[in-house]
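Residues per chain are reported as follows:
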Amino acid sequence: MKKHYLITNEIRDGEHEYHDTGLWLFNENPTEKEILIESFFGHKEIEKVWDGWEEKGFGYRIVSVHSIKEIKEEHVDILKLYL
């Protein structure tokens, strides 16, 4: 069964650090790699480095899951108004 999650990714790009938040639909208990493939990278060509993940061959932007919160189905439409 798929569930909605509010996910915030932490992106470290050189000296800059920022966050990206979105509402995503996953099977129960997704792994960090599954979350990042779906919510950030869009493909499976990523590898684990330090405290996060990066695209193979690029090596300049490191991304990790900062937070993940399961969302009740009745709250999904409300969140969509603000994201």
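Residues numbered from 1 in each chain as written. Predicted model: local features only at pLDDT ≥ 70, side-chain atom pairs only at ≥ 80, totals over all residues. Heavy atoms only, no water.

### Regarding the nonpolar core
Worth spelling out the cut-off: In this text, buried Ala, Val, Leu, Ile, Met, Phe, Trp, Tyr and Cys residues form a nonpolar core when linked through side-chain atoms within 4.5 Å. Exposure is judged per residue with a 1.4 Å probe applied to protein chains only, and the accessible area is read against the type maximum: over 50% gives exposed, under 20% gives buried, and values in between give partly exposed. For helices the rule is a DSSP run of H or I covering at least 4 residues; for strands it is a run of E covering at least 2, with both sets numbered from the N terminus onward. Whether two residues are in contact is decided by their heavy atoms, any of which lying within 4.5 Å being enough.
Membership of the largest hydrophobic core is limited to 12 residues, which are Tyr-5, Ile-7, Ile-11, Phe-26, Ile-35, Leu-36, Ile-37, Phe-41, Ile-46, Trp-53, Val-63 and Val-65. Secondary-structure elements contributing two or more residues to this core are strand E1 (2-13), helix H1 (32-41) and strand E5 (61-71). In contact with Phe-26, not counting residues within four places along its chain, are Met-1, Lys-2, Lys-3, Tyr-5, Ile-7, Glu-34, Ile-35 and Glu-38.

### Describing unusual backbone geometry
Even without glycine at this site, Asn-29 takes up a positive phi of about 55 degrees. Examined against the element boundaries, Asn-29 turns out to sit in the loop between strand E2 (16-27) and H1. Accessibility expressed as a relative area gives 68% for Asn-29, which makes it exposed. With a phi angle near 40 degrees, Trp-50 is a residue other than glycine that sits in the positive phi range. One can find Trp-50 in the loop between strand E3 (46-49) and strand E4 (52-55).

### Quick notes on H1
Every buried residue belonging to H1 is among Ile-35, Leu-36, Ile-37, Ser-39 and Phe-41, and all of these are buried. Where H1 is buried, its residues contact E1, E2, E3, E4 and E5. Following H1 by one or two positions, Gly-42 adopts a phi angle in the positive range, close to 85 degrees.

### Some remarks on the side chain of Thr-8
Stated precisely, the cut-off is as follows: Whenever two N or O atoms come within 3.5 Å, that pair is a polar contact, provided that in protein one can donate a hydrogen and the other can accept it, and provided that, for residues adjacent in sequence, both atoms are side-chain atoms.
Examined against the element boundaries, Thr-8 turns out to sit in strand E1. Residue class for Thr-8 comes out buried when judged on its relative accessible area of 11%. There is a polar contact of 2.9 Å between the side chain of Thr-8 and the side chain of Thr-21. Residues contacting Thr-8, with those up to four places away along its chain left out, are His-19, Asp-20, Thr-21, Ser-64, Val-65, His-66 and Ser-67.

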